[in-house]
Amino acid sequence: MSISFLATGRRRIFKGAPLTVLTVVAAAFACWVIYANIFVISDPLVLGILFVSSIYTLLFIVIGHSPRAPNRPTYLDWALAFLSLAAGVFFFLNAKEISDRISLLQPFTTAQFFFGSALLFLTLEATRRTTGLGLTMVVGLFLIYNQFGYLLPPPFGHGISSFSYLLDILIFTTDGLFGVPIQVVASYVFLFVLFGTLLSKAGGGNFFFNLAASLTGKSPGGPAKVAVISSGLYGTMSGSPTSDVVATGSITIPIMERLGYKKRFAGAVEVAASTGGSAMPPIMGSAAFILAEYTGTPYREIVYAAIIPALLYYLGIFLQVHFRSVRHNLRPYEDDVPPLAETMKQGWPYLIPIGVIVGVLMVGYSPVFTAGAGTLAVIVASFMTSGTRMTPWQIIEGLGETTLRILPVAGACAAAGLVIGGLSMTGLGMKAANVILMVTSGVDVLTLVIAAVVTIILGLGMPTPSAYILAAVLVGPALAKIGYPDFQSHMFLLYFAILSALTPPIAVAALAAAAIAQEDPIIIAVDAVRLAAVGFLLPFVFLWNPAILGLADPASVVLASLGGVCAAAAIAVSLEWVCFPGGAGMAWLLRAALLASAIAAVAPVAAVSILGIGSVGTILSIVYMHSRRVAAADDDKAVAAK
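All values derive from a computational prediction rather than experimental measurement.

What counts, and where the lines are drawn
Residue numbers run consecutively from 1 along every chain, following the written order of its sequence. Two thresholds apply to this predicted model, a pLDDT of at least 70 for residue-level local features and 80 or more for giving and counting side-chain atom pairs, whereas whole-chain, interface and lining totals are computed over all residues. Note: side-chain values were computed over all heavy atoms of the structure, leaving out hydrogens and water. Helical segments are the DSSP runs of H or I of at least four residues, strand segments are the runs of E of at least two, and each set is numbered from the N terminus. As a reference, a globule follows 2.2 Å times the number of residues to the power 0.38, and the radius of gyration itself is taken over C-alpha atoms. Working definition: with a 1.4 Å probe on protein chains only, accessible area under 20% of the residue-type maximum means buried, over 50% means exposed, and in between means partly exposed. Here a residue-residue contact requires only that any non-hydrogen atoms of the pair lie within 4.5 Å. To measure how exposed things are, a 1.4 Å probe is used in the Shrake-Rupley method; for residues, cover is taken only from the protein chains shown. Each pair of aromatic rings taken from Phe, Tyr and Trp, with Trp reduced to its six-membered ring, is defined by centres within 6.5 Å and is described as stacked if the planes are under 30 degrees apart, edge-to-face if over 60, and tilted in the remaining cases. We call a charge positioned over a ring when the NZ of a Lys or the CZ of an Arg lies within 6 Å of the ring centre and within 35 degrees of the ring normal. For our purposes a nonpolar core is just a set of buried Ala, Val, Leu, Ile, Met, Phe, Trp, Tyr and Cys residues, chained together by side-chain atoms within 4.5 Å. By definition here, a salt bridge exists when the distance from a side-chain nitrogen of Lys or Arg to a carboxyl oxygen of Asp or Glu is within 4 Å. On a range of 0 to 100, pLDDT expresses the predictor's confidence in each residue. To define axes, lines are fitted to C-alpha atoms, for helices over the stretch in contact only, and angles between the resulting N-to-C directions are given on a 0 to 180 degree scale. By definition in this entry, angles of less than 35 degrees are roughly parallel, angles greater than 145 are roughly antiparallel, angles of 65 to 115 are roughly perpendicular, and the rest are oblique. In this scheme the crossing of two helices becomes right-handed for a clockwise turn of the near helix relative to the far one and left-handed for an anticlockwise turn of less than a right angle. By the convention adopted, Pro, Cys, Tyr, Trp, Phe, Met, Ile, Leu, Val and Ala count as nonpolar, Lys, Arg, Asp and Glu as charged, and the other residues, Gly among them, as polar.

**Things to note about the overall build of the chain**
Point 1. Helix and strand counts for the chain come out as 29 helices and zero strands.
Point 2. The C-alpha radius of gyration of the chain comes to 26 Å, within 12% of the 26 Å expected for a compact globule of 642 residues.
Point 3. For the chain, the proportion of its 642 residues judged to be buried stands at 56%.
Point 4. Taking as baseline every contact in the chain between residues at least 6 positions apart, the subset at least 24 positions apart corresponds to 79%.
Point 5. Just so you have it, the chain exposes about 25900 Å², and 70% of that area is on carbon and sulfur atoms.

As structure tokens, then:
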């Protein structure tokens, strides 16, 4: 077996008539998803079965078995696609019988056993083609444990030894393959991806880029700042760090390189900024919708809670970029930057769909209705200016593109559903939590650090939803056992699942940037981790001071927000600024004082927070005045030299 067989499959490129047929079929599927979610109340099991089987049918045609697969589907691809379709037809025609069946008591018919087993193994192959060997091996290990774990001694053993038992839970109930992850993808995620796809197709991505350029393009380090802002804005549409890097980085990274920025810095800025898009309201990423289902928290409340942390994350990156740009005299844009008034005059309709999303969420409608309203607003807004009107074929293309963009997400979430089903029936999640607490002796800080490390490790090379789901079922119970509330704990895990996309040694977002910047992805990832330092500290603040998530009275939320701003500024100055007074020893002393003050600034005790905010302000004032004196002295030396 060749190594290429173990890698992610080739995404085929279709042209001409095959592309037209694929687009129409994918668009028709998207229309069915819209109809099933908005206009009818579907049985979750039936919805999951039809969604998965249809997605797999397209997936095996669009994605080859290896990176070297031919651009045309092979006989094997057509056979797997036909088997997926046949399984869907069988389950749909026998949906009532399957729904009424008493799990674990009634034996399978021959057809049920065949098609159930087929779906299980089709899921493994779909996962391998879309996400590579990493997640597939994880799922395979869990399946082996589910099947043969009864051979292990306590406390890790269990009493399940039948493949039929395993198949019953994983395929014929909504606890496994058709569980929460795939239900979320088939509803919220699909519709919000459709919103982002149509908004981008109508020109929204160009507008957000021009808006960022108008705001910061002519300041020091302008292109890097444009990358930060545009990636954050684009991230609200894509929710995927890798696709965000490819979409915005293909523009910003070459511009930064042309102006003399180091390749590692250009790539790192794009990676750090793009990764945060999955945490940026109002749309965020698909993992946020899964979090809403797991915790029972309305999506509107998750959006409210995520606003302050997301802004602090981007503030930290922006300040680091600014300080480094000033220190190294990084050049602004040399090309003409459109004035803000002109940008808004041409692109103001693109703000309408975002406003509709926010408004409908605030009123209290469901995420499904919100996404539908936002998508309709995109189409209406596109007709408000002559240059952005969407044609019927563009809408069909947007529908088809949405379906194709969902393929890897669906593959990953279907696999995660298998893991969750196995964990729930064997109780491994609670056993893992007990092991973590035994290692840490129940010490809060150690437990949190291990939870963060485990989540990042689980996310290496995996899509964010899969990383979050695995962390939620394996690590979440440990956080619950030491007394942390569900919502704050899951936000903690969500952030580290997101940050795993930029963390070495795999750093999938850095791999995408490396291809554009022609630089070592590890070097880019290390610099990206530094730029995203605020993001790695924020999750600990979630659990220490819930006000940073808006979970407190208004006065406490305002104080926590101000403390967060001061802390982000303190961290940025500590990492990037060099003009500290008093030599190297005093510089490190002031850095330590800044970090201690930053911790105090976000403390849950008001008096400590106010003291920390004041300390940060005082130290930053000292550093600023000293830097001004150093700059003035350098200017005097330059004049004297002339």
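What follows continues from the structure just given.
**Comments concerning the packing of aromatic side chains**
Point 1. According to the stated counting rule, one finds 28 aromatic pairs in the structure shown.
Point 2. Between the aromatic rings of Phe51 and Phe190, the centroid separation amounts to 6.4 Å while the plane-to-plane angle is 85°, which identifies the pairing as edge-to-face. Residue Phe51 is found in helix 2 (residues 44-62), and its partner Phe190 is found in helix 8 (residues 180-201); the two are separated by 139 residues along the sequence. Grouping residues by exposure puts Phe51 and Phe190 together as buried.
Point 3. Judged by centre distance (6.4 Å) and plane angle (55°), the ring pair of Phe496 and Phe536 falls under tilted. One end of the pair, Phe496, is in helix 23 (residues 486-499); the other, Phe536, is in helix 26 (residues 533-544), with 40 residues separating them in the sequence.
Point 4. Exposure remark for Phe496: the relative accessible area of 2% places this residue in the buried category.
Point 5. The class of Phe536 is buried, set by a relative accessible area of 17%.
Point 6. The lysine or arginine in question, Arg101, covers the ring of Phe172, its NZ or CZ lying 5.5 Å from the ring centre.
Point 7. Residue placement shows Arg591 over the ring face of Trp588; its charged tip is 5.0 Å from the ring centre.

**Notes on the nonpolar core**
Point 1. Residues Phe51, Tyr56, Ile171 and Tyr468 are the most contacted members of the largest nonpolar core, which totals 214 residues.
Point 2. Among the elements that line this core, the one with the most residues is helix 18 (residues 392-426), at 15 residues.

**Some remarks on the environment of Gly617**
Point 1. Mapped onto the secondary structure, Gly617 falls in helix 29 (residues 606-641).
Point 2. The class of Gly617 is partly exposed, set by a relative accessible area of 33%.
Point 3. Taking the C-alpha atoms as reference, Gly617 lies 9.6 Å from Ala569; in sequence the two are 48 residues apart.

**Some points on the pattern of salt bridges**
Point 1. Under the criterion given, the structure shown has 12 salt bridges.
Point 2. Here Glu397 makes a salt bridge to Lys201, at a shortest N to O gap of 3.9 Å. With Glu397 in helix 18 and Lys201 in helix 8, the pair connects residues that are 196 residues apart, well separated along the chain.
Point 3. In this structure, Arg327 and Glu576 form a salt bridge, with 3.0 Å as the shortest nitrogen-oxygen distance. One end of the pair, Arg327, is in helix 14 (residues 299-328); the other, Glu576, is in helix 27 (residues 554-576), and 249 residues separate them in sequence.
Point 4. Given the relative accessible area of 31%, Arg327 is considered partly exposed.
Point 5. Among the residues examined, Glu576 registers a relative accessible area of 0% and is labelled buried.
Point 6. Salt bridges here are not isolated pairs; linked through shared partners, they connect Arg264, Arg324, Arg327, Asp527, Arg530 and Glu576.

**Here's the deal with unusual backbone geometry**
Point 1. Cis geometry marks the peptide bond from Pro281 to Pro282, where omega comes out at 10°.
Point 2. By the secondary structure assignment, Pro282 is in the loop between helix 12 (263-275) and helix 13 (286-295).
Point 3. The residue after Pro504, namely Pro505, is reached through a cis peptide bond having omega 15°.
Point 4. Its location among the elements puts Pro505 in the loop between helix 23 and helix 24 (508-517).
Point 5. In this structure, Asn329 takes a positive phi of about 55° despite not being glycine.

**Quick notes on the environment of Ile302**
Point 1. Among the structural elements, Ile302 can be located in helix 14.
Point 2. Separated by 293 residues in the primary sequence, Ile302 and Leu595 have C-alpha atoms spaced 29 Å apart.
Point 3. With sequence-adjacent residues up to four places away left out, Ile302 is seen in contact with Met284, Ala288, Leu291, Ala292, Thr297 and Phe487.

**Quick word on the confidence of the model for the chain**
Point 1. For the chain, mean pLDDT is 87; residues scoring 70 or higher make up 95% of the total.
Point 2. Every residue in residues 1-6 is under pLDDT 50, and counting partners more than four places away or in other chains gives 10 contacts.

**Some details on the packing of helix 16 (residues 351-363) against helix 17 (residues 367-382)**
Point 1. With their axes 8 Å apart at the nearest point, helix 16 and helix 17 run at an angle of 155° to one another. Looking at the two axes, helix 16 sits roughly antiparallel to helix 17. With respect to the hand of their crossing, helix 16 and helix 17 are arranged in right-handed fashion. Note on element contacts: helix 17 touches helix 16 through Phe369, Thr370, Ala371, Ala373, Gly374, Ala377, Val378 and Ala381, opposite Ile352, Pro353, Val356, Ile357, Val360 and Leu361.
Point 2. Split into classes, the residues belonging to the contact of helix 16 with helix 17 amount to 12 nonpolar, two polar and no charged.

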